[in-house]
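# Fold and contact review
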Amino acid sequence: MNGDTDLPPPPWRTRRKAAPARRQLSQELIVEAGLRVLDAEGLDALSMRRVATELDTGPASLYAHVANKDELLELIYDLVLGEVELPEPDPTRWREQLRDHVRRVHHVLTSHADVARAGLAGVPSGPNAVRLSEFVFGLLIEAGMAPREASLALDRITLYVCGDAYEGSLHYARMRAAGPVDVEEYFRRFTGDVTGYLRSLPPERFPHLTAHVDALIADDGEARFEYGLDLLLAGLAARMP
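The structure contained in this document is the topic of the report that follows. What you see as residue numbers is a count from 1 along each chain, following the sequence as written. Two thresholds apply to this predicted model, a pLDDT of at least 70 for residue-level local features and 80 or more for giving and counting side-chain atom pairs, whereas whole-chain, interface and lining totals are computed over all residues. In computing side-chain values, all of the structure's heavy atoms are included and hydrogens and water are not.

## Concerning unusual backbone geometry
- Within the chain, Asp56 stands out as a residue other than glycine whose phi angle is a positive 60°.
- A 1.4 Å probe rolled over the protein chains alone gives each residue an accessible area, and that area as a share of the maximum for its type sets the label: buried under 20%, exposed over 50%, partly exposed in between. Take Asp56: its relative accessible area is 60%, and that puts it in the exposed class.
- With a phi close to 45°, Ala113 is a non-glycine residue in the positive phi region.
- The numbering of helices and of strands both runs from the N terminus, where a helix is a DSSP run of H or I of at least 4 residues and a strand a run of E of at least 2. Among the secondary structure elements, Ala113 is positioned in the loop between helix 5 (94-110) and helix 6 (117-120).

## Observations concerning the pattern of salt bridges
- One side-chain nitrogen of Lys or Arg within 4 Å of one carboxyl oxygen of Asp or Glu is enough to make a salt bridge. Going through the model one piece at a time under the given rule, you end up with 15 salt bridges.
- Arg50 is the salt-bridge partner of Glu54, the closest N and O atoms lying 3.5 Å from each other. Taken together, the residues Glu54 and Arg50, both in helix 2 (residues 48-54) and four residues apart, mark about one turn of the helix.
- By relative accessible area, Arg50 is classed as partly exposed at 23%.
- Notably, a salt bridge pairs Glu149 with Arg239, separated by 3.4 Å at the nearest N-O pair. In this pair, Glu149 is assigned in helix 8 (residues 147-178) and Arg239 in helix 12 (residues 221-239), connecting sequence segments 90 residues apart.

## Remarks on the environment of Glu149
- On the basis of relative accessible area, Glu149 is assigned to the partly exposed category, the value being 29%.
- The spatial distance from the C-alpha of Glu149 to the C-alpha of Tyr186 is 41 Å, given a sequence separation of 37 residues.

## Description of the nonpolar core
- Put simply, a nonpolar core is a bunch of buried Ala, Val, Leu, Ile, Met, Phe, Trp, Tyr and Cys residues held in one set by side-chain atoms that sit within 4.5 Å of each other. Ranked by size, the top nonpolar core spans 51 residues in total, and within it Leu72, Leu98, Leu109 and Leu140 carry the most contacts.
- Secondary structure elements with two or more residues in this core: helix 1 (27-41), helix 2, helix 4 (69-81), helix 5, helix 7 (127-142), helix 8 and helix 12.
- Should any heavy atoms of two residues lie within 4.5 Å, those residues are counted as being in contact. Setting aside its immediate chain neighbours within four residues, Leu98 contacts Val136, Leu139, Leu140, Ile157, Leu233 and Leu236.

## Focus on the packing of aromatic side chains
- Two aromatic rings, drawn from Phe, Tyr or Trp (for Trp, its six-membered ring), form a pair once their centres lie within 6.5 Å of each other, and the interplanar angle then sorts them: stacked below 30 degrees, edge-to-face above 60, tilted otherwise. For the structure on display, the rule yields three aromatic pairs.
- Taking 5.4 Å as the distance between ring centres and 10° as the angle between the ring planes, the aromatic pair formed by Tyr160 and Phe225 counts as stacked. Here Phe225 lies in helix 12 and Tyr160 lies in helix 8, a separation of 65 residues in the sequence.
- Taken together, a centroid distance of 5.1 Å and an interplanar angle of 85° make the contact between Tyr186 and Phe187 edge-to-face.
- Overall, the relative accessible area of 12% leaves Tyr186 in the buried class.
- With relative accessibility at 28%, the residue Phe187 sits in the partly exposed group.
- By way of ring pairs, the aromatic residues Tyr186, Phe187 and Phe190 are connected into one cluster.

## A look at the side chain of Asp164
- With respect to the element layout, Asp164 can be found in helix 8.
- Charge counting treats Lys and Arg as positive and Asp and Glu as negative, with His and both chain ends excluded. One buried charged residue, Asp164, remains without a salt bridge, the closest side chain of opposite sign being Arg224 at 8.5 Å.

## Quick notes on the packing of helix 1 against helix 4
- Two numbers describe how helix 1 lies on helix 4: the axes approach to 9 Å, and their chain directions differ by 80°. By the angle class used here, helix 1 and helix 4 are roughly perpendicular. Taking contact as the criterion, the partners of Gln27, Ile30, Val31, Gly34, Leu35 and Leu38 in helix 1 are, on helix 4, Glu71, Leu72, Leu73, Leu75, Ile76, Leu79 and Val80.
- Polarity classes work like this: nonpolar for Ala, Val, Leu, Ile, Met, Phe, Trp, Tyr, Cys and Pro, charged for Asp, Glu, Lys and Arg, and polar for all others, with Gly in that last group. In terms of residue class, the contact of helix 1 with helix 4 is built from 10 nonpolar, two polar and one charged. In this description, a line fitted to the C-alpha atoms serves as the axis of each element, helices being fitted only across the stretch in contact, and the angle between N-to-C directions of two axes falls anywhere from 0 to 180 degrees. Comment on the angle field: the value is read as roughly parallel under 35 degrees, roughly antiparallel over 145, roughly perpendicular from 65 to 115, and oblique elsewhere.

Here it is, written out as C-alpha cells:
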C-alpha cells in the first residue's frame with residue numbers, strides 16, 4: 001500500500017471542519033463568564049450550572065477552580081471593583097478625593113446589574129476590595145481622623161454606596177421581568193404611580209405628605225445620591241480635628 005498522505009482530497013469528499021480551539025478552563029475564565037451572566041440576567045440567575053452552560057462544559061468541572069457560588073460571587077465582585085481607578089492620596093484634599101472616589105465606585109457598581117448586593121452580603125476580602133478600603137481608610141487617617149472613627153466611616157461609606165447602587169438595580173430587575181420597556185417611560189410611569197398614591201392619602205391624617213407631593217418626587221436618583229453623599233462628607237468634616 002502506497003504510504004503517500006500528501007495528496008489532495010478529491011473534491012467530492014466532505015471535509016471535516018476543524019473544531020475551534022477552546023481556552024483551557026481556569027478560575028479567570030469562570031469568573032469572566034459569571035460576570036457576563038450577571039450583567040445579562042441579574043444575580044438571581046447566577047449559578048454554577050448557568051456559568052457551566054455559558055462555558056459549554058459541565059458544572060462539576062467548575063469546582064476544581066471555584067469552591068461554590070458564594071466564592072464565585074465574591075470573585076465576580078472583586079473583578080468589578082478592579083475597574084475603579086485610584087488617585088495618589090492627598091490628605092489636604094481628602095473631601096474632594098473621597099467624593100470623586102465614591103462617585104467612581106457607585107458608577108462601576110451600577111454598570112453591572114445588581115452586583116452591589118454582593119457588597120452587602122459579607123466582608124469583601126479580595127485584592128481589589130482591600131485596595132479600595134486601604135485608600136479610603138488611609139486617606140481619612142492621614143487627614144487627621146482617629147483610626148477608630150476612620151474605620152466606622154469606611155464601613156458607613158461602603159454601605160451607603162452599595163445600598164444605593166443595589167436599590168437602583170431593583171428597578172432594572174423589574175424592567176427585565178416586564179419585558180422590553182423604555183427606561184424613561186418606566187420611570188415616568190413609576191413616578192406617576194407614587195404621585196397618585198401620595199395624593200390619594202387622607203390629608204387630615206397626613207397633612208405634610210399630601211401638601212408637598214411635588215417636593216417629594218422632585219429629585220431623581222442621581223440627585224438623591226449626591227444629597228446623601230453631601231450629608232456623609234459634611235458629617236465627616238465635622239469630626240475632623
